[in-house]
Amino acid sequence: DAQLAPETATTYEIGGSWNVMEGLRLNGSIFRIEKRNARTSDPANDTLQVLDGIVRVDGFEVSAVGQITPEWNIMVGYTRLNSEIVESNNANEVGKEFANVAPNTASLWTTYNLPHGIQLGGGVSYVDRRYGNTTNTVQVPAYTRFDAALSWQPEDGALRGMRFQLNALNVGDARTYDTVYTGHVVPGVGRTFIASVSARF
């Protein structure tokens, strides 16, 4: 058996939160994650990997969660990631970004409660372009996806305790990517409608 030192990671992070108004909180953090003994190609045999690299991610994230009014709920977030392969036995990887790491991602989801137990919801998510390999020669473009939801929870009568919901995923049928590899991608969900019924006893 090969005796290899483990991969080690060091994380630095500072963050905080602020109650912007009653029921609405703003959160944020800045961080650095550095991994040593990261996997990299063996210079004597590029079909093998050795633990001899250094990779690093610098980033920050901000989010807001809560109520703007008693009937209006919101969740919004943004993340920025600067990833870099600092040291590698493969010179073509040095200075490049990680595979499958989007520099910018953002999301917004909001719901509004209407009378008679009806709730409307809608949101948007954005994922920046990503590379499928560590030499950054394979790339998929950024995409924006829209979702929506409608639910009804009767407040009285024979259907009280029931919840009827319709979700519409990727309303615009955008081309999305769950995972990216050197030779292929795993596509995200296309336009999809999901109806569900639940009961509480």
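Everything discussed here concerns the structure shown above.
Residues numbered from 1 in each chain as written. Predicted model: local features only at pLDDT ≥ 70, side-chain atom pairs only at ≥ 80, totals over all residues. Heavy atoms only, no water.

**Structural notes on the side chain of E34**
We count it as follows: Secondary structure is summarised from DSSP: a helix means a run of H or I of at least four residues, a strand means a run of E of at least two, and numbering begins at the N terminus for each. Whenever two N or O atoms come within 3.5 Å, that pair is a polar contact, provided that in protein one can donate a hydrogen and the other can accept it, and provided that, for residues adjacent in sequence, both atoms are side-chain atoms.
Along the chain, the position of E34 falls in strand β2 (residues 24-42). A distance of 3.2 Å separates the side chain of E34 from the side chain of R36, its partner in a polar contact.

**Quick word on the packing of aromatic side chains**
Which entries qualify depends on this criterion: Stacked, tilted and edge-to-face pairs are distinguished by plane angle, under 30 degrees for stacked and over 60 for edge-to-face with tilted covering the rest, among Phe, Tyr and Trp rings (Trp via its six-membered ring) whose centres lie within 6.5 Å. Burial classes follow relative accessibility: with a 1.4 Å probe on protein chains only, a residue under 20% of its type's maximum area counts as buried, one over 50% as exposed, and anything between as partly exposed.
Scanning all chains against the criterion turns up three aromatic pairs. Here F60 and Y78 contribute two aromatic rings whose centre-to-centre distance is 5.8 Å and whose plane-to-plane angle is 55°, an arrangement assigned as tilted. With F60 in strand β3 (residues 45-69) and Y78 in strand β4 (residues 72-87), this pair connects stretches of sequence that are 18 residues apart. Owing to a relative accessible area of 29%, Y78 belongs among the partly exposed residues under this scheme.

**A closer look at the side chain of E97**
For clarity, the threshold we go by: Throughout, a contact is declared for two residues whenever any of their heavy atoms are within 4.5 Å.
Counting through the fold element by element, E97 comes out in the loop between β4 and β5 (104-114). Look at E97 and you get buried, because its relative accessible area is 19%. In terms of polar contacts, E97 uses its side chain to reach the side chain of R129, at 2.8 Å. Contacts of E97, omitting those with residues within four sequence positions, involve S83, I85, P103, R129, Y131, N133, T134 and N136.

**Focus on the pairing of strand β9 (residues 143-152)**
Put simply, the rule is: The pairing criterion is simple: DSSP has to find at least two bridges between the two strands.
The side-chain alternation of β9 yields one buried face, formed by Y143, R145, D147, A149 and S151, and one unburied face, formed by T144, F146, A148, L150 and W152. Sheet topology note: the strand β6 (residues 118-127)/β9 ladder contains ten bridges and is antiparallel. Bridge pairing links G123 to D147 in β9. Relative to strand β10 (residues 162-169), β9 is paired through five bridges, and the arrangement is antiparallel. The residue bridging W152 from the neighbouring strand is F164, located in β10.

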